[in-house]
Amino acid sequence: MSEQGGSILEPGKVIRPVIDHEGVKLLAERLYGISVLELVELNGYDDKNYKITEDPNMKNPLIPNHSPHGYVLKIMNSIDSQNLNVVEAQNEIMNFLLERSVSCPKPIRNIFGHMFSVENISGKQHVVRLLEFIPGALLKDVPWTESLLYQLGEFVANLDNKLQNFTHSGLVSREHIWMLSKVPELEKFKYVIKDAEKLDLVEEVIEEFKYAVLPRLDELEKGVIHGDVNEMNVIVSVKPGEGKTEYRVSGILDFGDIQYSYYVFEVAIAMTYMMLMTGDPHVGGIVLAGYTVNRRLPDDEYRLLKTLISARLVQSLILGAYTIEQDPKNTYVTSTEKANGWELLKKIRKTKPDPDDDPTNWKAIANEFLTRS
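Quick summary incoming for the structure in this document.

Calculation criteria
Residues numbered from 1 in each chain as written. Predicted model: local features only at pLDDT ≥ 70, side-chain atom pairs only at ≥ 80, totals over all residues. Heavy atoms only, no water. Salt bridge = Lys/Arg side-chain N within 4 Å of Asp/Glu carboxyl O. Buried < 20%, exposed > 50% of the residue type's maximum accessible area, 1.4 Å probe, protein only. Helix = DSSP H or I, 4+ residues; strand = E, 2+ residues; numbered from the N terminus. Polar contact = N/O pair within 3.5 Å; in protein donor to acceptor, adjacent residues only side chain to side chain. Contact = heavy atoms within 4.5 Å. Axes fitted to C-alpha atoms, helices over the stretch in contact; angles between N-to-C directions. Parallel < 35°, antiparallel > 145°, perpendicular 65-115°, else oblique. Pairing = 2+ DSSP bridges.

The full count for this structure, using the stated rule, is 20 salt bridges. Put simply, Glu41 and Lys48 hold a salt bridge, and the shortest N to O gap is 3.9 Å. The class of Glu41 is partly exposed, set by a relative accessible area of 34%. Here Glu187 makes a salt bridge to Lys190, at a shortest N to O gap of 2.7 Å.

Okay, structure coming up:
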């Protein structure tokens, strides 16, 4: 199950970088000539991310165009750091989207003129790179509205439309435990679910994925996808206007899960996280409304959504529980469980929904929303 120059997560591996703030400051200075005034650790699943503010009194001739909002220094986990082809693809995809008016982080060259370097940190090899920090709020930190969720659907479809023209050899053979196509691999990790009822639900979803989705993969439309559109990776900014504060979707972060995969996976993942954020399965239909206005979703692909969304929830719940077992201090990974992932999964899997009010009839919800607005 290895990927080019890399491997897939196996139970028991510790892959997160081990480094303190002093070590991060030294990296920033040595690799980018940046004298750090302020350092804040940001969320990260398996990687470590730091927001850096430069000391304005120290001139740095190495970065010609200084980012007024600061930088993010990213130290990748030891598994992803083995696959340099994918790191190159991540940098290229950001530059590709920036040229096409999609707001996302901009990679910065280090003192050697490279977009990244491989550094020995606590005895392991980790890729280190620097990105410009994008201003704005995270979607998770503002009040959600139907309008914002609809815009998110439009934004994701627009992203997929643009990425139809992006290719990179590093993504073709990429394998990663967080790819939806890897749901059958969760069998190895399901031992972390100790509750019998939850385990039954998990096994039911994995089996359904195997017989409903896997045999159909060849029929689905493929391309490069972001692969992790969630409320922590979407930037919103205040909409100019009078009266109450309104937000609009303005940018996208974190290209760590980019992959050559299926467009229906992209919309399923975005819908999953918006339902988790709101606790309401209905809102999946509003995201779908925005998506299908900008990009067609064939009926046979639409019919897979329920299984795909269930599978993403199961993936998130199992891998979150597994990561906490490995690293009890990592609170970022429990966000699905905290956001009532199990409750949402049960609501979606309910056997006999009310036909007049089925929260998983996302097509009907989308049509109703579009008619209303």
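Next, the rest of the story.
Within the secondary structure layout, His226 lies in the loop between β8 (222-225) and β9 (234-238). In terms of polar contacts, His226 uses its side chain to reach the backbone carbonyl oxygen of Asp254, at 2.9 Å. If near-sequence neighbours (up to four positions away) are discounted, His226 is found in contact with Leu159, Leu163, Asn233, Ile252, Leu253, Asp254, Phe255, Asp257, Ile258 and Glu266.

Let us look at the packing of helix α2 (residues 84-99) against helix α3 (residues 146-163). The angle between the axes and the distance between the axes are what describe a pair of packed helices. Two elements in contact, α2 and α3, have axes whose closest approach is 11 Å; the angle formed by their N-to-C orientations is 105°. Considered as vectors, α2 and α3 are oriented roughly perpendicular to each other. Every residue of α3 that contacts α2 at Ile93, Phe96 and Leu97 is listed here: Leu159, Lys162 and Leu163.

On to the sheet that holds β9. Pairing is antiparallel in the open sheet, where three strands are placed in the order β7-β9-β10. Every interior strand has two partners, whereas the edge strands, β7 (137-138) and β10 (247-252), have only one. Pairing of β7 with β9 involves two bridges; the strand directions are antiparallel. Of the residues in β9, the one forming a bridge with Leu138 is Ile235. Seen against the sheet, α3 touches β9 and β10 and runs at an angle of roughly 30° to β10.

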